[in-house]
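Listed below, chain by chain, are the residues.
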Amino acid sequence: MAMHSNTGTFNQVSDVPQKNNYTFALTSLTSLFFMWGFITCLNDILIPHLKGVFDLSYSQAMLVQFCFFGAYFLVSLPAGMLVKRLGYQKGIVLGLVIAAIGCLCFYPAASMHSYPVFLMALFILASGITLLQVSANPYVSMLGDAKTASSRLTMTQAFNALGTTVAPFFGAFLILDHAAESMSAQASAEAVQLPYIFLAAMLLVLAAIFAWLKLPNLSVNEEQEQKDLTKDTGSAWQYSHLVLGAVGIFVYVGAEVAIGSFLVSFLAEPSIAALDEPEAAKYIAYYWGGAMVGRFIGAVVMQKVAAGKVLFINATISILLILIAIFSSGTLAMVAILLVGLFNSIMFPTIFSLAINGLGQHTSQGSGILCLAIVGGAIIPLFQGLLADSIGVQPAFFLPILCYFFIAYYGLSGSKVKEVTR
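Thresholds, definitions, all that
Residues numbered from 1 in each chain as written. Predicted model: local features only at pLDDT ≥ 70, side-chain atom pairs only at ≥ 80, totals over all residues. Heavy atoms only, no water. Helix = DSSP H or I, 4+ residues; strand = E, 2+ residues; numbered from the N terminus. Buried < 20%, exposed > 50% of the residue type's maximum accessible area, 1.4 Å probe, protein only. Contact = heavy atoms within 4.5 Å. Areas by Shrake-Rupley, 256 points an atom, 1.4 Å probe, with all protein chains shown as cover. Patch = residues over 30% accessible without salt bridge, like charges linked within 9 Å, V, L, I, M, F, W, Y side chains within 5 Å. Salt bridge = Lys/Arg side-chain N within 4 Å of Asp/Glu carboxyl O. Expected span 1.5 Å × (residues − 1). Bend = angle between axes of the 7 residues up to and from the residue. Core = buried A, V, L, I, M, F, W, Y, C linked by side-chain atoms within 4.5 Å. Axes fitted to C-alpha atoms, helices over the stretch in contact; angles between N-to-C directions. Parallel < 35°, antiparallel > 145°, perpendicular 65-115°, else oblique. Left-handed = near helix turned anticlockwise from the far one by under 90°. Nonpolar A, V, L, I, M, F, W, Y, C, P; charged D, E, K, R; others polar.

### A few points about the overall build of the chain
Here is step 1: Looking only at helices and strands, one finds 18 helices and two strands in the chain.
Here is step 2: Here the chain holds 422 residues, and 61% of them are scored as buried.
Here is step 3: Of all intrachain contacts in the chain linking residues separated by at least 6 positions in sequence, the fraction that spans at least 24 positions is 83%.
Here is step 4: Summed over all atoms, the accessible surface of the chain reaches about 16,200 Å², with 68% contributed by carbon and sulfur.

The following block contains the structure:
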């Protein structure tokens, strides 16, 4: 049975063990990228929902992203050490189980009508997803030729974006529509119980499947064969392209999450589209859908065009689009901000693979550092929330522009690998 024509089929795994085993492994991993994309994007629905239920300011509502992405900061390094000990496959299984526990915690949070318990549930859920990221991203990079790692990671991330495209419809239908019909705040809070129990069940099924699958056992030692190895015993921190890449991941995730988090509020502004929440939530799908389409295109383009160049062009176009969204109104502003998703598409996998390029035995450590930098998704939206509270939702979009300036620089020159003494 063909899973996805572009990632291969299940039925030929045994013929050529090495190549097709990698194809099978990549096909299996796409399901993980889909799930964590889906779960992460639901936060964009939760923010306006919980803001209404608990009567929060913008900056208080952004604590959703602060707790979710803060987990990346606190859990990434321990997760890196755990993956080194357990291996990639067991790391994936454990990550799925922890994420399922986080989803189940939404039930008591809603019953108790407690915002702090919601935030704790999000933290547990995100801890599981962090473990998944630390396991799956370098694993995908290593399943094949180092030269096409960027393209491969972009392809699996496209399925991550498919999850983020489907999630807004699921969230708008099951959470916001249900909440809109509820008369009490308590009933509104309980609108999240069923969707998150369903997600917990899905995660546990995936954990069982990954515990059973026979995947290539690429240990940390095999990274040495897979990469252009440096013989020194230093650390990943001595590579400037990795350190700048970590800053790149920080500002990229921050910008992407901040824009997604404010889309419902932005589209609800009278001068933009004056949409109600359930209707505005469906437009989030266009933002993330653009990211999905862009990743499929990017996976092909980056087989031919240097990844750094593509990164620079996309960051520059993103800056122009946000400027249009800030200084115009109506349909033009709405289309401009939604189009940013298309140009965001290749940024995370491209920065990630450029940053771990040539790290050799330090690849695991490098991957942990990059996942640590995802904490940008906790900090930048919080600052944009403070800006929105003080100067308004539309002008607050100046913050992501600064982030894209750095990404353009990284694509142009910051990502170049400099020699480290061997």
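### Looking at the side chain of Thr-164
Here is step 1: Its place among the elements puts Thr-164 in helix 7 (residues 149-181).
Here is step 2: With relative accessibility at 4%, the residue Thr-164 sits in the buried group.
Here is step 3: For Thr-164, the residues in contact, after removing those within four places along its chain, are Gly-37, Phe-38, Cys-41 and Trp-288.

### A look at a nonpolar patch on the surface
Here is step 1: Nonpolar side chains collect at one region of the surface, where Val-293, Ile-297, Val-301 and Val-305 lie side by side and expose about 280 Å² of accessible area between them.
Here is step 2: As for its position among the elements, Val-305 is in the loop between helix 12 (277-304) and helix 13 (307-327).

### Topic: helix 11 (residues 240-268)
Here is step 1: Look at helix 11: 42 Å from first C-alpha to last across 29 residues, which is about the 42 Å you get at 1.5 Å a residue.
Here is step 2: Along its length, helix 11 reaches its greatest deviation from straightness, about 45 degrees, at Phe-262.
Here is step 3: Among the 29 residues of helix 11, 23 are classified as buried, and the element is accordingly described as predominantly covered.

### Considerations on helix 12
Here is step 1: For helix 12, which comprises 28 residues, the first-to-last C-alpha distance of 42 Å matches the rise-based estimate of 40 Å (1.5 Å per residue) to within 8%.
Here is step 2: A maximum bend of about 30 degrees is found in helix 12 at Gly-298.

### Quick look at the nonpolar core
Here is step 1: Among the nonpolar cores identified, the biggest contains 146 residues, and Leu-29, Tyr-196 and Phe-210 are the most heavily contacted of them.
Here is step 2: At 18 residues, helix 1 (residues 17-53) tops the list of elements feeding residues into this core.
Here is step 3: Not counting chain neighbours up to four residues away, the residues in contact with Leu-29 comprise Ile-92, Ala-136, Tyr-139, Val-140, Leu-143 and Phe-210.

### Quick look at the environment of Ile-249
Here is step 1: Within the secondary structure, Ile-249 is located in helix 11.
Here is step 2: We classify Ile-249 as buried; its relative accessible area is 0%.
Here is step 3: Sequence spacing of Ile-249 and Leu-372 is 123 residues, and the spatial spacing of their C-alpha atoms is 9.1 Å.
Here is step 4: Apart from the residues within four sequence positions on either side, Ile-249 is in contact with Phe-348, Ile-351, Phe-352, Leu-370, Ala-373 and Ile-374.

### Structural notes on unusual backbone geometry
Here is step 1: The phi dihedral of His-113 falls on the positive side, at around 50 degrees, and the residue is not glycine.
Here is step 2: With a phi angle near 50 degrees, Ala-274 is a residue other than glycine that sits in the positive phi range.
Here is step 3: With respect to the helices and strands, the residue Ala-274 is situated in the loop between helix 11 and helix 12.

### Focus on the side chain of Thr-130
Here is step 1: Structurally, the position occupied by Thr-130 is in helix 6 (residues 115-142).
Here is step 2: Those residues in contact with Thr-130, other than ones at most four positions away along the chain, are Ala-71, Tyr-72, Val-75 and Ser-76.

### Observations regarding the packing of helix 3 (residues 63-86) against helix 6
Here is step 1: At a minimum axis separation of 7 Å, helix 3 and helix 6 run at an interaxial angle of 40 degrees. The pairing of helix 3 with helix 6 is recorded here as oblique in orientation. In the packing of helix 3 onto helix 6, the handedness of the crossing is right-handed.
Here is step 2: Of the residues that constitute the contact of helix 3 with helix 6, the class distribution is 20 nonpolar, seven polar and no charged.

### Brief notes about the packing of helix 11 against helix 15 (residues 347-356)
Here is step 1: In the contact formed by helix 11 and helix 15, the axes pass within 8 Å of each other and the chain directions differ by 165 degrees. As the angle between them shows, helix 11 and helix 15 are arranged roughly antiparallel. Considering the relative orientation of helix 11 and helix 15, their crossing is left-handed. Counted together, His-241, Leu-242, Gly-245, Gly-248, Ile-249, Tyr-252 and Val-253 of helix 11 and Met-347, Phe-348, Ile-351, Phe-352, Leu-354 and Ala-355 of helix 15 form the full contact between these two elements.
Here is step 2: Its residues assigned to classes, the contact of helix 11 with helix 15 comprises ten nonpolar, three polar and no charged.

Remember that the coordinates give geometry; whether it matters functionally is a separate question.
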